[in-house]
Amino acid sequence: MKTWLVGQAIRRVDINGSNHFAPQELDTYFQSIGMQFGAHVNASTGFDKTIYKLEIPTDDPSIVEQTFRVLQDWGSGLLLPEDQIEKERRVGLEEWRGRRSGRMRTMEQMLPTLYWGSKYVDRLPIGTEESLLGFEHAALKRFYQDWYRPEFCSLVIVGDIDVDLMEENILQYLAGWQNESERESETIEVPIPTERMVGIIQDETIPYPMMMISQKKPTIQYRTEGGWASNILKHELMISAINERFKFLHRSVESRVQQASAMRNPLTKVCEQEGIHVVLDAKDWKTSICEIVSHCKQLRAFGLTTGELERAKERRLVAVKAHRDNLPTATSNQFLRDIMSVVLEDESLWPPEAMYDLSKRWIPHISLEDVNQHLRYFLQGEGGLVHFLTP
């Protein structure tokens, strides 16, 4: 728990003293150039990563240079004074208490099944009240020394920039970053259970009864156009067609299913969850569950129709064409998200302007038989999970 906790603490203490900035001086500097914490200066900590994000004006070279000095200090120049650590300990406790929401309580109840068999079950990044109160200063400093190393870090710069100037600053401020720690990083496995697991989640903030039927499985890896088309594109078309059918299902007066949708979520870099999310009839759970299970069986047995697949293909082409046409007015954040998925999740990076032509070229090769064959394995096999969520 301490390793995750101190990572969270470091991202809060990084404005409280470094080689080039006295405590709170960095805060004052950011405000002087019109930046606000949260909106333009932010950080987030996950199970196995911390992301720092700075949104700065790039028309002033002195601001760009000072920003690189900030990055230099965050990477290797934090002083971590004990009085500031204690100050941020109190801030961390307030943040932990503020997060005791229904959503967080629900997530904590789902962790034992979603991440069954892994250390993630007991290692939420925020930590616990006990660990926040009890961690030692030396643990935080040791974490900073062990993990803030150039081989574990990536720098992504997106915007209207002078590329040569950026390269000069990278070499000047970051090329000399060294760290003598030899601690090896640990790859945490998330096992796939061989038998179906069931979780019952109760919290007074859950607005209505829900059910999730899902399956944990290895993340689909691809490195070629054909691999993308035969896996990702085919799967997206299948999900789109299923959701169209579910949309008509819960519009029916006779249906006890209030809402249903197919989804796919990453759990880790190498493990994902796919399945369906269902809002049940509060007065007749059993009928709702039987109805959605029956529809899933029908989908696997008889598949989708030609019309459903063709409409899914049309929706896909309309969406990627609109995305391509809007690229001239896209914000840096849109490009940043694509690049970050490559850096953090090891996904392949496809030029956004080429996705329409790529989809148009490959969609005709995806047949109804291909999709229905893929559908026969939907929610089948190992890794089955069922979650019931109730007020």
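The structure this text deals with has already been given above.
This report concerns the structure included in the present document. What you see is a predicted model, and the numbers here were worked out from it, not measured in a lab. What you see as residue numbers is a count from 1 along each chain, following the sequence as written. Where local features are concerned, this predicted model is filtered to residues with pLDDT of at least 70; where side-chain atom pairs are given and counted, the filter is 80 or more; whole-chain, interface and lining totals use all residues. In computing side-chain values, all of the structure's heavy atoms are included and hydrogens and water are not.

1. Some details on a negative patch on the surface
- Together, Asp162, Asp164, Glu167 and Glu168 give the surface a local cluster of negative charge.
- Mapping glutamate 167 onto the fold places it in helix H8 (residues 163-174).
- By relative accessible area, glutamate 167 is classed as partly exposed at 47%. Patch membership is restricted to residues that have no salt bridge and whose relative accessible area is over 30%. Joining uses 9 Å for like charges and 5 Å for the nonpolar side chains Val, Leu, Ile, Met, Phe, Trp and Tyr. The Shrake-Rupley method, run with a 1.4 Å probe, gives the accessible areas here. Residue values count only the displayed protein chains as cover. Salt bridge criterion: a side-chain nitrogen from Lys or Arg within 4 Å of a carboxyl oxygen from Asp or Glu. We treat Lys and Arg as the positive residues and Asp and Glu as the negative residues; His and chain ends play no part in the count. The atoms used to mark charge sites are NZ of Lys, CZ of Arg, CG of Asp and CD of Glu. The secondary structure listing takes helices from DSSP runs of H or I that are at least 4 residues long and strands from runs of E that are at least 2 residues long, numbered from the N terminus. Buried means the residue's accessible area, taken with a 1.4 Å probe over protein chains only, is under 20% of the maximum for its type, while exposed means over 50%, and partly exposed covers the values in between.

2. Some thoughts on the packing of helix H9 (residues 225-251) against helix H11 (residues 306-325)
- It is the contact of H9 with H11, at a shortest axis distance of 9 Å, that shows an interaxial angle of 110°. Here H11 runs roughly perpendicular to H9, going by the angle between their axes. Like other packed secondary-structure pairs, H9 and H11 cross with a definite hand, here right-handed. Listed contacts from H11 to Trp228, Leu233, Glu236, Leu237, Ser240, Ala241, Glu244 and Arg245 of H9 are Glu308, Leu309, Arg311, Ala312, Lys313, Arg315 and Arg316.
- In this classification, Asp, Glu, Lys and Arg are treated as charged, Ala, Val, Leu, Ile, Met, Phe, Trp, Tyr, Cys and Pro as nonpolar, and every other residue, Gly included, as polar. Classifying every residue of the contact of H9 with H11 by side-chain character gives 6 nonpolar, 1 polar and 8 charged. The convention used is that axes are lines fitted to C-alpha atoms, helices contributing only their stretch in contact, and that angles between N-to-C directions extend from 0 to 180 degrees. The labels follow the angle: roughly parallel below 35 degrees, roughly antiparallel above 145, roughly perpendicular from 65 to 115, and oblique for the rest. Take the far helix as your reference; a near helix turned counterclockwise from it by less than a right angle gives a left-handed crossing, and one turned clockwise gives a right-handed crossing. Residues count as neighbours in contact if any of their non-hydrogen atoms are within 4.5 Å of one another.

3. Details of the sheet that holds strand S7 (residues 384-390)
- Strands pair, by our definition, only if DSSP identifies at least two bridges between them. Strand order in this open sheet of 5 strands is S3-S7-S4-S6-S5, and the pairing throughout is mixed. The sheet terminates laterally at strand S3 (197-202) and strand S5 (259-266), the two strands that pair on one side only. Looking at each pair of strands side by side, their axes are set apart by 20° on average, direction ignored.
- Taken together, the 8 bridges between S5 and strand S6 (residues 271-279) define a ladder with antiparallel strand orientation. Paired with serine 261 across the two strands is histidine 277, which belongs to S6.
- Those strands touched by helix H5 (residues 102-114) are S3, strand S4 (210-218), S6 and S7, and its axis lies near 175° from that of S3.
- Across the face of the sheet, H9 comes into contact with S5 and S6 while running at roughly 155° to S5.

4. So, the packing of aromatic side chains
- When the centres of two rings from Phe, Tyr and Trp lie within 6.5 Å, Trp using its six-membered ring, the rings pair. Their planes under 30 degrees apart give stacked, over 60 give edge-to-face, and anything left gives tilted. Under the criterion given, the structure shown has 5 aromatic pairs.
- Both rings, one in tyrosine 52 and one in tryptophan 74, keep their centres 5.1 Å apart while their planes meet at 35°; by these two values the pair is tilted. One end of the pair, tyrosine 52, is in strand S2 (residues 50-54); the other, tryptophan 74, is in helix H3 (residues 61-76), with 22 residues separating them in the sequence.
- On the accessibility criterion, tyrosine 52 (24% relative accessible area) is partly exposed.
- Taken together, a centroid distance of 4.9 Å and an interplanar angle of 50° make the contact between tyrosine 144 and tyrosine 148 tilted. By the burial criterion, tyrosine 144 is buried, and tyrosine 148 matches it.
- The ring of phenylalanine 248 is capped by arginine 251, whose NZ or CZ atom sits 5.9 Å from the centre of that ring. Two limits define a charge over a ring: the Lys NZ or Arg CZ must be within 6 Å of the ring centre, and within 35 degrees of the ring normal.

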